[in-house]
Amino acid sequence: MSSALTDLCRYPIVQAPMAGGASCPQLVAAVSEAGGLGFLAAGYKTADGMYQEVKQLRGLTSRPFGVNLFMPQAGQPDAAAVEVYRHQLAGESSWYDTPLGDPDAGRDDGYEAKLAILLDDPVPVVSFTFGCPARETLDAFARAGTFTVVTVTSPEEAQVAQYAGADAVCVQGVEAGGHQGTHRDDPEGDGSGTGLLALLGQVREAVRIPMVAAGGLMRGSQIAAVLTAGAAAAQLGTAFLVCPESGANILHKQAMTNPLFTRTELTRAFSGRPARGLVNRFMREHGPYAPAAYPEVHHLTSGLRKAAAAAGDPQGMALWAGQGHRLARELPAGQLVEVLNAELQAAVAGLAPREAS
């Protein structure tokens, strides 16, 4: 690993920031205490909510950790398309006896307020999803002593991040669970994402800054593969989602290995942006018609998803999951970090050439 990343964690294992509750302080602390790098997800939280979680986390661990921010969304979606989708969801509203949300509830996710807090009271690492911050922002974090990471899904996005002054890029393959962190949401590109190993090779030749690899990773042998491909560390989300410390809904955790859910797909059904999850009824019925409108669709469906969870109905929930979800292991987070590292070391030893006898 690069020296800067080595200083942050004992093992090259990063727990992905999973917005929506999974990446709670208890999970992050357990991962960091075990030698990995835990990440809080500030997405969908208020600035004060983020601050309170950082404060709570600092009471649980003195080890380095990260905070992930969603970049504000540029442009405006097609309001007519959003309205059509609202009408389509009317049946869901009746079924779960809950009103649809306000699609105009905000597009910036409290970004500026969160930046102000993190610059005033710095944390070890800040990462960004759905775009790249301005150079002034990354320079400000550098002056504060914060290591910065920008999520990228192409070599071009990686070059933008390097030029802007990011310390590293998180290279996200199409296998990854949850939202694709593309900088520009282009509906014409739906389904055309690049697999992680191919993407790592492309990004490695495009930039000089360290890469963190993300996308479907569930075993230490896979971590060894991405390190061999040039990554400095591996980021895992779905693997940690099922840990007892995770704040994910129990129905979400159980679905990872439930034979009822056999595959994942990228869908706009729940948020208006491509995100990978387990295929369920809601995704099948509404995915083909969901517009490219994030976060408007997210706001529309937020209440429906909560109502489905309250009703014990995983068929109406956003069951974000990477392609390796069937390999999930319900281990305490600290133990999972140790198991992953042991598997990594075994894989590295197996890859090492034998000495001549």
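Higher on the page you've got the structure.
Residues numbered from 1 in each chain as written. Predicted model: local features only at pLDDT ≥ 70, side-chain atom pairs only at ≥ 80, totals over all residues. Heavy atoms only, no water.

A. Summary view of the overall build of the protein chain. Secondary structure assignment for the protein chain yields 15 helices and 11 strands. Relative to the compact-globule value of 21 Å for 357 residues, the protein chain shows a C-alpha radius of gyration of 20 Å, a close match. Taken over 357 residues, the protein chain has a buried fraction of 58%. Residue pairs in contact within the protein chain that sit at least 24 positions apart in sequence constitute 68% of those at least 6 positions apart. Summed over its atoms, the accessible surface of the protein chain is roughly 14,900 Å², and 52% of this surface lies on carbon and sulfur atoms. Taking the average location of the 26 positive side-chain charges in the protein chain and that of its 35 negative ones, the two points are 5 Å from each other. (Helix = DSSP H or I, 4+ residues; strand = E, 2+ residues; numbered from the N terminus. Rg over C-alpha atoms; globule rule 2.2 N^0.38 Å. Buried < 20%, exposed > 50% of the residue type's maximum accessible area, 1.4 Å probe, protein only. Contact = heavy atoms within 4.5 Å. Areas by Shrake-Rupley, 256 points an atom, 1.4 Å probe, with all protein chains shown as cover. Lys, Arg positive; Asp, Glu negative; His and termini not counted. Charge placed at Lys NZ, Arg CZ, Asp CG, Glu CD.)

B. Broad picture of the layout of surface pockets. In this structure, the second largest pocket occupies an estimated 420 Å³ of space. For the second largest pocket, the lining is made up of 22 residues, of which Thr182, Gly189, Asp190, Ser192 and Gly193 are closest to its centre. Secondary structure elements with two or more residues in the lining of the second largest pocket: α8 (155–164) and β10 (264–267). Partitioning the lining of the second largest pocket into residue classes produces 5 nonpolar, 11 polar and 6 charged. (1 Å grid on protein atoms, 1.4 Å probe; cavity = no way out; pocket = protein on both sides within 12 Å on 5 of 7 lines; lining within 4 Å. Points joined across faces, edges and corners; volume = space filled by probe spheres on them. Nonpolar A, V, L, I, M, F, W, Y, C, P; charged D, E, K, R; others polar.)

C. Focus on the pairing of strand β9 (residues 233–236). The alternating pattern of β9 places Ala233 and Gln235 and Ala234 and Leu236 on opposite faces, both of which are buried. Sheet topology places strand β1 (residues 13–15) next to β9; 3 bridges connect them, and they run parallel. What sits directly across from Gln15, in β9, is Leu236. One ladder, built from 3 bridges, connects strand β8 (residues 211–214) with β9; its direction is parallel. Among the inter-strand pairings, Ala214 is bridged to a residue of β9, identified as Gln235. (Pairing = 2+ DSSP bridges.)

D. The arrangement of the pairing of strand β5 (residues 147–152) in detail. With respect to burial, β5 is a largely interior element, 6 of its 6 residues being buried. In β5, alternate side chains face the same way, and those of Phe147, Val149 and Thr151 on one face and Thr148, Val150 and Val152 on the other are all buried. The pairing of strand β4 (residues 125–129) with β5 spans 4 bridges and is parallel. Counted as the bridge partner of Ser127 is Val149 from β5. The parallel pair β4 and β5 is bridged by helix α7 (residues 135–144), and the resulting crossover is right-handed. Here β5 runs beside strand β6 (residues 168–172); their pairing, made up of 4 bridges, is parallel. Looking at the pairing, Thr151 lines up with Cys170 of β6. Since β5 and β6 lie parallel, the crossover through α8 that links them has a hand, and here it is right-handed. (Right-handed = clockwise from strand over helix to strand, strands pointing away.)

E. Structural detail: the side chain of Glu175. Residue placement: Glu175 occurs in the loop between β6 and β7 (178–179). Look at Glu175: it is buried, it has no salt bridge, and the nearest opposite charge is Arg276 at 7.1 Å. Discounting chain neighbours no more than four positions away, the residues touching Glu175 are Gly195, Leu196, Gly215, Gly216, Arg276, Gly322 and Gln323. (Salt bridge = Lys/Arg side-chain N within 4 Å of Asp/Glu carboxyl O.)

F. Here's a closer look at the sheet that holds strand β11 (residues 275–278). Strand order in the open sheet formed by 3 strands is β7-β11-β10, and the pairing between neighbours is antiparallel. Edge strands, defined here as strands with exactly one partner in the open sheet, are β7 and β10. In this sheet, β11 lies alongside β10 in antiparallel orientation, the contact comprising 4 bridges. Bridge pairing in β11 places Leu266 opposite Arg276.

G. Quick look at the packing of aromatic side chains. Evaluated as defined, the whole model comprises 6 aromatic pairs. Judged by centre distance (6.1 Å) and plane angle (65°), the ring pair of Phe128 and Phe141 falls under edge-to-face. With Phe128 in strand β4 and Phe141 in helix α7, this pair connects stretches of sequence that are 13 residues apart. In this structure Phe128 comes out as buried when scored by relative accessible area, which is 0%. Each ring, one from Phe270 and one from Phe282, has its centre 4.7 Å from the other, and the planes form 20°; the classification is stacked. Here Phe270 is found in the loop between β10 and β11, whereas its partner Phe282 is found in helix α13 (residues 281–286), with 12 residues between them in sequence. By relative accessible area, which is 1% here, Phe282 ends up buried. Linked through ring pairs, Tyr44, Phe70, Phe130 and Tyr294 together constitute an aromatic cluster. Across the ring face of Tyr11, the terminal group of Arg10 is positioned such that the distance to the ring centre comes to 5.0 Å. (Phe/Tyr/Trp six-rings, centres within 6.5 Å; stacked < 30°, edge-to-face > 60°. Lys NZ or Arg CZ within 6 Å of the ring centre and 35° of its normal.)

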